[in-house]
Amino acid sequence: MAASMDFLSNPILMSVITALCLVLLFHYFHKKAKPHGKKYHPIGATVFHLFINFNKMHHYMTDLAEKYKSYRILSPVQGEVYTADPANVEYILKANFKNYGKGKHTHSIASDLLGDGIFTVDGDQWREQRKVSSQEFSTKILRDFSSVIFRNNTIKLGKILSQAADSNQIIDINDLFMKATTDSIFKVGFGIDLDNLSGRNEEGARFSRAFDDANNLTYKRFVDVTWKIKRFFNIGFEAELKNNMKIVDEFVYKVIQVKIEQMQKSKDEFLLKKEDILSRFIQVNDRDPKYLRDIILNFMLAGKDPIAISMCWFIYMLCKHPEVQEKVAKEIIEATNMNKEITDVADFAARVSDTALDKMQYLHAALTETIRLYPALPVDPKVCFSDDVLPDGCNVNKGDVVAYLPYAMGRMKFIWGDDALEFKPERWLDQYGCFHQESPFKFTAFQAGPRTCLGRDFAYRQLKIFSSVLLGWFVFKLSNENKVPQYRTSINLHVDGPLQVYVFHRSGFQNPSTYNCETRSVWVNPNQKKFDSV
């Protein structure tokens, strides 16, 4: 048995076995391609190609989409179709919505992490969670409560950045955004002060690391056809996933127990003021901790990673395009009627009202342009429930995975024009400088149809609060202009590793060091150590 386990845990040997199986299956699938005159999408690659291109998977799939628009990936498990065609996307997400869902394939892959949450289920389970979630996101209580939490955590982050600016310290903005958004979603979603930003809550930090690792390891199941074997023998990345899920589950069930006890002790108060989302779901079902556990982890995935990811790529793009960073900052200062009397980031944040946020059309456009190029969810798979024909005339079979590609679609010239790869916030503004929406079947970052992201406005509000405070008060500059950050292949499009930046107080406010956007120069208090690299 030990020898077998060692054999199965050897990635090279398992890859060779997989490759041989795929070579044998290639001919079989190819012969099935056009039975009875049916038309199928061209074969782009095999899952083995995805496996060997795992670290650059989205680049690889984008190249295939540029060549074929829609294509098949051969797999020994099921048929797989990937599309960057907006007409196909609209058909899958809206016109024939009932025929495409998460299915058993996605559920089996993601259930260890997400259970029977809204991102893994269909039918009545999905409708129930969608209904309760929709009611919550539409309440003024949640909007007001979340806005306060977002501002408070932005201020905490701003104070950390101020210290870095005063000491000319390089910071990892990726790590800080992940901590800040984790704190926000825990408070808004579950009424818990996790306080990851302070670094004092080791239990919370341990949970966050385990959740992130479990997220990454779960995604490997989509391309590693041997994952069930590895799980059975508890070897390789499946053993790591199991260990991480133990940490995650222990923490989450503890949160649930604490929340239920709080509500039982002060029932009247919670009924009148149920600000956090978990309290609402406990009222629906307080007898099934597993149900509540799945709710928590699905909201974690939706509310933590996408915001942090978008902010991280946004800061990177603004550092690469300082003229856009300056234009965003100018709009923020004008919208908030900011003046030189403001002395700290908390005073600045107090000026960022909902009315001011609504005026920030260019900021909204710049954020959306970032999300177009770096969508938090780069691939979104569905399962076909019955044989069908897509608008491009090609057949898909019952049980086939049919996935659309937000990352690839954001880079397609046939969708966005010859400047598709350029960072141009102006593409989202009309002649009056007002933001205008694009078709959700073209800009697919927030899904479309019945599964349109419930938290889209919620996400934009948090992104704009973060951005307006931080960019109104600070200037960001990459510590290494020549280093191009890479993504980490996962469920979400994380920046792989740290994104190291310098932070400077914006010129015009009363601070010891400032950055002048027009001259791209730094003035440093002579009593401080001079930063020579800028």
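In case you missed it, the structure is sitting above this.
About the criteria used
- All residue numbers refer to position in the chain's written sequence, counted from 1.
- Given that the model is predicted, a residue must reach a pLDDT of at least 70 before its local features are reported, and side-chain atom pairs must reach 80 or more before they are shown or counted; all residues, however, enter totals for whole chains, interfaces and linings.
- Excluded from the side-chain calculation are hydrogens and water; included are all heavy atoms of the structure.
- Secondary structure elements follow DSSP: runs of H or I of four or more residues count as helices, runs of E of two or more count as strands, with numbering from the N terminus.
- For the exposure calls, accessible area comes from a 1.4 Å probe over protein chains only, and a residue counts as buried if that area is under 20% of its type's maximum, exposed if over 50%, partly exposed in between.
- Any two residues whose heavy atoms approach within 4.5 Å at even a single point are treated as in contact.
- Two strands make a pair as long as DSSP finds a minimum of two bridges between them.
- Each helix should span, by expectation, one fewer than its residue count multiplied by 1.5 Å.
- Among buried residues, those of type Ala, Val, Leu, Ile, Met, Phe, Trp, Tyr and Cys that are joined through side-chain atoms within 4.5 Å constitute a nonpolar core.
- Each salt bridge in this description consists of a side-chain nitrogen of Lys or Arg and a carboxyl oxygen of Asp or Glu lying within 4 Å of one another.
- To get an axis, fit a line to the C-alpha atoms, keeping to the stretch in contact for a helix; angles then go from 0 to 180 degrees between the N-to-C directions.
- The labels follow the angle: roughly parallel below 35 degrees, roughly antiparallel above 145, roughly perpendicular from 65 to 115, and oblique for the rest.
- Each helix crossing is assigned a hand: it is left-handed if the near helix lies turned anticlockwise from the far helix by less than a right angle, otherwise right-handed if that turn is clockwise.
- Gly is placed with the polar residues, together with every amino acid not listed as nonpolar (Ala, Val, Leu, Ile, Met, Phe, Trp, Tyr, Cys and Pro) or charged (Asp, Glu, Lys and Arg).
- Whether a set of points on the 1 Å grid over the protein atoms alone is a cavity depends on a 1.4 Å probe fitting there but being unable to get out, while an open set qualifies as a pocket with protein on both sides within 12 Å along at least five of seven lines; lining residues are those with an atom within 4 Å of a point.
- Grid points are joined across faces, edges and corners, and a volume is the space filled by probe spheres set on the points.
- Aromatic pairs are defined between Phe, Tyr and Trp rings, using the six-membered ring for Trp, whenever the two ring centres lie within 6.5 Å; interplanar angles under 30 degrees are classed as stacked, those over 60 as edge-to-face, and all others as tilted.
- Over a ring means this: the NZ of a Lys or the CZ of an Arg is within 6 Å of the ring centre and within 35 degrees of the ring normal.

Student: Just to check I follow, could you spell out the overall build of the protein for this structure?
Tutor: When helices and strands are tallied, the protein shows 23 helices and 15 strands. Looking at the 534 residues of the protein, the share that counts as buried comes to 55%. Across the protein, the fraction of contacts at a sequence separation of at least 24, relative to all contacts at a separation of at least 6, is 72%.

Student: Got a minute to help me understand the pairing of strand S13 (residues 500–506) in this structure?
Tutor: Remark: a regular strand shows side chains that alternate across the two faces of the sheet. Of all 7 residues making up S13, 6 are buried, and the element is well covered by its neighbours. For strand S5 (residues 171–172) and S13, the ladder comprises 2 bridges, and the chain directions are antiparallel. Directly across from Ile171, in S13, lies its bridge partner Val501. When strand S10 (residues 474–478) meets S13, the two strands line up antiparallel, connected through 5 bridges. Pairing of Phe476 across the sheet is with Val503, part of S13.

Student: So what exactly am I meant to see when it comes to the sheet that holds strand S6 (residues 380–384) here?
Tutor: As a general point, the strands of a sheet are linked pairwise by backbone hydrogen bonds and lie either parallel or antiparallel. Read across the open sheet, the 6 strands follow the order S1-S2-S3-S9-S6-S4; overall the sheet is mixed. Taken across any chain shown, the strands that pair with only one partner, and hence form the sheet edges, are strand S1 (43–46) and strand S4 (100–101). One ladder, built from 3 bridges, connects S1 with strand S2 (residues 70–74); its direction is parallel. Bridging from a neighbouring strand, Thr46 pairs with Leu74 of S2.

Student: When you look at helix H23 (residues 456–473) in this model, what are you seeing that I'm missing?
Tutor: Side chains that are three or four residues apart share a direction in an α-helix, a result of its 3.6 residues per turn. Taking 1.5 Å of rise per residue, 18 residues should cover 26 Å, and H23 covers 26 Å from first to last C-alpha, within 8% of that figure. Of all 18 residues making up H23, 16 are buried, and the element is well covered by its neighbours.

Student: Explain the nonpolar core to me, please; I cannot follow it from the model alone.
Tutor: For soluble globular proteins, nonpolar side chains are generally found buried alongside one another. Grouped together as the largest cluster of nonpolar side chains are 152 residues, with contacts concentrated most on Leu161, Phe177, Phe186 and Phe476. Tallying contributions element by element places helix H16 (residues 305–320) first for this core, with 12 residues.

Student: Explain the side chain of Arg151 to me, please; I cannot follow it from the model alone.
Tutor: Summarising the element assignment, Arg151 is placed in helix H8 (residues 140–166). Excluding residues within four positions of it along the chain, Arg151 makes contact with Ala349, Val352, Ser353, Asp354, Leu357 and Ile465.

Student: Would you take a moment to explain the pattern of salt bridges for this structure?
Tutor: One side chain can pair with another of opposite charge once the charged atoms of both are near each other. Here the structure, examined in full by the defined rule, presents 28 salt bridges. The salt bridge involving Asp175 is made with Lys179; its shortest N-O contact spans 3.2 Å. Here Asp175 pairs with Lys179, and both are found in helix H9 (residues 173–190), just 4 residues apart, close to one helical turn. By relative accessible area, Lys179 is classed as partly exposed at 27%. A salt bridge links Lys442 to Glu438; its shortest N-O distance comes to 3.4 Å. Here the residues in one salt-bridge network are Glu369, Arg372, Asp419, Lys424 and Arg427, joined through shared partners.

Student: Any chance you could explain the packing of H8 against H23 here in plain terms?
Tutor: For any two helices packed against each other, one specifies the inter-axial angle together with the distance between the axes. It is at 10 Å that the axes of H8 and H23 come closest, and there the two elements cross at 30°. When the interaxial angle is binned, H8 and H23 end up roughly parallel. Between H8 and H23 the crossing geometry is right-handed. Judged by residue contacts, Arg143, Ser146, Ser147, Phe150, Arg151, Thr154, Leu157, Gly158, Leu161 and Ser162 of H8 engage Phe458, Arg461, Gln462, Ile465, Phe466, Val469, Leu470 and Trp473 from H23. For the contact of H8 with H23, the per-class residue count stands at 9 nonpolar, 6 polar and 3 charged.

Student: Mind showing me how you'd approach the layout of surface pockets here?
Tutor: Taking a probe equal in size to a water molecule and rolling it over the atoms shows the remaining empty space. Approximately 410 Å³ is the volume found for the largest pocket. Lining the largest pocket we find 21 residues, and of these Asp175, Met178, Lys179, Arg209 and Asp212 sit closest to its centre. Among the secondary structure elements, those contributing two or more residues to the lining of the largest pocket are H9, helix H10 (202–220) and strand S12 (494–495). A total of 6 residues in the lining of the largest pocket trace back to one element, the largest contributor, which is H10. Here the residues of the lining of the largest pocket are counted per class, giving 4 nonpolar, 8 polar and 9 charged. Estimated volume of the second largest pocket: approximately 320 Å³. As for the second largest pocket, its lining consists of 16 residues, and the residues nearest its centre are His59, Tyr374, Tyr407, Arg411 and Leu421.

Student: What should I look at first to understand the environment of Gly449 in this one?
Tutor: In this structure, Gly449 sits in the loop between helix H22 (413–416) and H23. Considering only alpha carbons, one finds Gly449 and Ile92, 357 residues apart in sequence, at a separation of 9.0 Å. If sequence neighbours within four positions are ignored, Gly449 has contacts with Leu93 and Lys94.

Student: Explanation requested: the side chain of Ser162 in the structure shown.
Tutor: Mapping Ser162 onto the fold places it in helix H8. In contact with Ser162, not counting residues within four places along its chain, are Trp473, Phe474 and His505.

Student: In this structure, what is going on with the environment of Arg451? I would like to understand it.
Tutor: Structurally, Arg451 can be placed in the loop between H22 and H23. Sequence separation between Arg451 and Leu93 is 358 residues; the distance between their C-alpha atoms is 7.4 Å.

Student: Help me out: how do you make sense of the packing of aromatic side chains in this one?
Tutor: For any two aromatic rings, the description comes down to two numbers: the centre-to-centre distance and the angle of the planes. Under the criterion given, the structure shown has 27 aromatic pairs. By the ring-pair criterion, three or more aromatic residues cluster together here, those being Trp416, Trp428, Phe435, Phe443, Phe446 and Tyr460. Over the ring of Trp416 we find Arg372, and its NZ or CZ is 5.2 Å from the ring centre. The aromatic ring of Tyr374 is capped on one face by Arg411, whose charged end is 5.2 Å from the ring centroid.

Student: Explain the packing of H9 against helix H15 (residues 289–303) here, please?
Tutor: Close contact between H9 and H15 brings their axes to 10 Å; oriented N to C, the two are set at 135°. Classified by the angle between their axes, H9 and H15 sit oblique to one another. As H9 runs across H15, the sense of the crossing is right-handed. Across from Ile185, Phe186 and Phe190 in H9, the residues of H15 making contact are Ile296, Phe299, Met300 and Gly303. Along the lines of polarity and charge, the residues of the contact of H9 with H15 split into 6 nonpolar, 1 polar and no charged.

Student: Would you explain unusual backbone geometry in this entry?
Tutor: Generally, phi is negative for residues other than glycine and the peptide bonds are trans, each holding for most cases. The phi dihedral of Lys69 is positive, around 70°, even though this residue is not glycine. Phi is positive for Asn234, close to 55°, though the residue is something other than glycine. Within the element layout of this structure, Asn234 appears in the loop between helix H11 (227–233) and helix H12 (236–265). Its relative accessible area of 37% is what places Asn234 among the partly exposed residues.

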